[in-house]
Amino acid sequence: MTDRYAVFGHPIAHSKSPLIHAAFARQTGQDMTYEAILAPKDGFADSVAQFVAAGGRGANVTVPFKEQAFALANRLSPRAERAGAVNTLTFDGGGIRGDNTDGAGLMADLTRNLHCALAGKRILLLGAGGAARGVIEPLLEQAPAALVIANRTISRAQELAGLFGRGVAACGFDGLDAPFDLIINATAASLAGELPPLSPRVFAAGALAYDMMYGRDTPFLGFARAHGAATADGLGMLVEQAAEAFYLWRGVRPDTAPVIANLRQDRLEGESLAAPPLRGLRT
Ligand code: NDP
């Protein structure tokens, strides 16, 4: 029987995940479907339960449900536990296993695709939301010289830094003018077409500016380019976190390079795997 997977979010129509997983399934010969499900904001757990009852084997979870997915899982991977958020669910034997592949996705994109070595580097992480939280531990594992979290609401940055200890510093955007080798924008500012109020002095010579947002050029990337930094958007991270989820579910690692290249050129459009509609799903 064809195995069934999905991504849950609200909104969800924009999601590239069905296209990405369809490409992975074709590439690796996996018999599966993958659909996008718009869960009601107050009905995430019900939607997941209906999907499981209909034979769902696993799911990705995106905004705004990652914390609810964390609460729903009855088994958590260590990295999901540290991140406090879940983006990948696996349904097996009546249980729900929760994992978080965002950090692995970012690391794969930075180190394998962008050839960015992080050991001994100074890293500035902008934002203290779910995405920032999921990448701190994997960044620390690369032994950077410094990791500073800057956030609009300083108390959230402080709270986050406090969870990880081990030399993670926290601040607001004001007065931040030391140079960094890698500046990661994990704020939602780009979604609104806004630029976090940054000093251009944060870009060290040869710095890489990375925006987790993907799909369009952002004020952050434009600002970074204007001040001499190399830039990258979050499309590679998106595909790499999907590949890690695919591996968890299917035990096979897809080749991400052609999928990233095709997505960049919109060549994956219209190729998602169809699945029969779920009856009675409230959206
Ligand atoms: P959250 O809502 O959890 O966090 C939002 C963060 O952005 C907070 O730190 C918030 O600050 C800050 N923020 C919001 N608006 C502004 C603004 N105008 N100026 C400065 N700071 C702002 O979102 P997520 O962490 O889930 O997502 C953040 C970004 O990462 C999104 O763009 C998302 O699309 C992207 N993402 C990309 C992924 C990928 O695979 N490429 C994976 C996951 C996320 P405050 O605390 O002050 O409110």
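Notes on the structure in this doc start here.

Rules used throughout
- Residues numbered from 1 in each chain as written.
- Predicted model: local features only at pLDDT ≥ 70, side-chain atom pairs only at ≥ 80, totals over all residues.
- Heavy atoms only, no water.
- Helix = DSSP H or I, 4+ residues; strand = E, 2+ residues; numbered from the N terminus.
- Rg over C-alpha atoms; globule rule 2.2 N^0.38 Å.
- Buried < 20%, exposed > 50% of the residue type's maximum accessible area, 1.4 Å probe, protein only.
- Contact = heavy atoms within 4.5 Å.
- Areas by Shrake-Rupley, 256 points an atom, 1.4 Å probe, with all protein chains shown as cover.
- Core = buried A, V, L, I, M, F, W, Y, C linked by side-chain atoms within 4.5 Å.
- Near = heavy atom within 4 Å.
- Polar contact = N/O pair within 3.5 Å; in protein donor to acceptor, adjacent residues only side chain to side chain.
- 1 Å grid on protein atoms, 1.4 Å probe; cavity = no way out; pocket = protein on both sides within 12 Å on 5 of 7 lines; lining within 4 Å.
- Sits in = over half its atoms within 2 Å of the grid points.
- Nonpolar A, V, L, I, M, F, W, Y, C, P; charged D, E, K, R; others polar.
- Domains from an automatic or database assignment.
- Pairing = 2+ DSSP bridges.
- Axes fitted to C-alpha atoms, helices over the stretch in contact; angles between N-to-C directions.

### Here's the deal with the overall build of the protein chain
Working step 1: The number of helices and strands found in the protein chain is ten helices and twelve strands.
Working step 2: Taking 19 Å as the expected radius of gyration for a compact globule of 283 residues, we find that the protein chain reaches 19 Å, a close match to that expectation.
Working step 3: With respect to the principal axes defined by its C-alpha atoms, the protein chain has extents near 55 × 35 × 30 Å.
Working step 4: By residue count, 52% of the 283 residues in the protein chain fall in the buried class.
Working step 5: Counted over contacts in the protein chain with a minimum sequence separation of 6, partners at least 24 positions apart contribute 65%.
Working step 6: Total accessible area on the protein chain is roughly 12,300 Å²; 52% of this is exposed by carbon and sulfur atoms.

### Some remarks on the nonpolar core
Working step 1: Within the largest apolar cluster, 28 residues are counted, with the highest numbers of intra-cluster contacts made by Leu125, Leu139, Ile184 and Tyr210.
Working step 2: Sorting the residues of this core by element identifies α5 (102–113), β7 (122–126), α6 (130–141), β8 (146–150), α7 (154–164), β10 (180–185) and β11 (203–211) as the ones contributing at least two each.
Working step 3: Counting residues per element, this core draws most heavily on α6, which supplies five residues.
Working step 4: Once residues within four sequence positions are removed from consideration, Ile184 is found in contact with Leu106, Ile123, Leu124, Leu125, Leu126, Leu139, Tyr210 and Met212.
Working step 5: Residues Tyr5, Met32, Ala242 and Ile260 belong to the second largest nonpolar core, which totals 20 residues.

### Considerations on the site of the ligand
Working step 1: Around the ligand sit 22 residues, and of these Ala131, Asn151, Thr153, Arg156 and Glu194 come closest.
Working step 2: Here an oxygen atom of the ligand and a side-chain polar atom of Thr153 are 2.5 Å apart.
Working step 3: Between the ligand and Ala188 there is a distance of 2.8 Å, counted from an oxygen atom to a backbone nitrogen or oxygen.
Working step 4: The pocket occupied by the ligand, as judged from atoms lying within 2 Å of grid points, is the largest pocket.
Working step 5: Per-class residue counts for the shell around the ligand are ten nonpolar, seven polar and five charged.
Working step 6: Mapping the shell around the ligand onto the domain boundaries places at least three of its residues in each of domain 1 (3–100 + 236–271) and domain 2 (103–234).

### Regarding the sheet that holds strand β12 (residues 230–232)
Working step 1: Strand order in the open sheet formed by six strands is β9-β8-β7-β10-β11-β12, with parallel pairing between adjacent strands. Here the strands that pair on one side only, and so sit at the sheet edges, are β9 (168–171) and β12. The sheet shows a mean angle of 20 degrees between the axes of neighbouring strands, taken without regard to direction.
Working step 2: Where β8 and β9 come together, four bridges link them in parallel fashion. In the strand pairing of β9, Ile149 is matched with Ala170.

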